[in-house]
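Observations on chain architecture
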Amino acid sequence: KAPKISIISPVNGSLVNPQENLSVQLKSDGAYPPQKTEVYLNGKYVLTATSNPLNFSFVPGDVGNLNEANNSLSVIVYDNVSNKGQAVINFSVKK
């Protein structure tokens, strides 16, 4: 059974400074422990978090591909038996 994934931080609708480290916190409700998380910004691959798949950070401005409003942060979490769950939030960036 796929894990249910929630993005705890940043919250949907956040205003983010694109030049600062964006800390991402996830919650996973599933039968098996999370093994890795793939992160996408506006559909562009950012990173795979493996050492701590529910807490990681990156600098959005380093990824590029940002809009002033309506950016999407998408995560796909895989558990240790290869089930996957997904979550998405939208955010804006400070000029």
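Shown above is the structure to which this text applies.
My aim in this report is to walk through the structure given alongside it, one point at a time. All figures in this text were calculated on a predicted structure; none of them were measured in a lab.

1. Considerations on the pattern of salt bridges
Counting across every chain of the model gives two salt bridges. With a closest N to O distance of 3.7 Å, lysine 27 and aspartate 29 form a salt bridge. According to the relative accessible area criterion, lysine 27 is partly exposed, its value standing at 41%. Residue glutamate 68 is joined to lysine 95 by a salt bridge in which the shortest nitrogen-to-oxygen separation is 3.7 Å. Note that glutamate 68 is positioned in the loop between helix 1 (60-63) and strand 7 (71-79) and lysine 95 in the segment after strand 8 (84-93), a separation of 27 residues in sequence. Overall, the relative accessible area of 48% leaves glutamate 68 in the partly exposed class. Overall, the relative accessible area of 87% leaves lysine 95 in the exposed class.

2. Here's the deal with the nonpolar core
Of all hydrophobic cores here, the largest spans 22 residues; its most connected members are Leu26, Val39, Phe56, Phe58 and Val75. Within the residue set of this core, elements represented by two or more residues are strand 1 (4-9), strand 3 (22-29), strand 4 (34-41), strand 5 (44-49), strand 6 (55-58), strand 7 and strand 8. Ranked by the residues each element gives to this core, the list is headed by strand 8, at four residues. In contact with valine 39, other than residues within four places in its own chain, are Lys44, Tyr45, Val46, Leu47, Phe56, Phe58, Leu73, Ser74 and Val75.

Reading the values: the criteria
Residues numbered from 1 in each chain as written. Predicted model: local features only at pLDDT ≥ 70, side-chain atom pairs only at ≥ 80, totals over all residues. Heavy atoms only, no water. Salt bridge = Lys/Arg side-chain N within 4 Å of Asp/Glu carboxyl O. Buried < 20%, exposed > 50% of the residue type's maximum accessible area, 1.4 Å probe, protein only. Helix = DSSP H or I, 4+ residues; strand = E, 2+ residues; numbered from the N terminus. Core = buried A, V, L, I, M, F, W, Y, C linked by side-chain atoms within 4.5 Å. Contact = heavy atoms within 4.5 Å.

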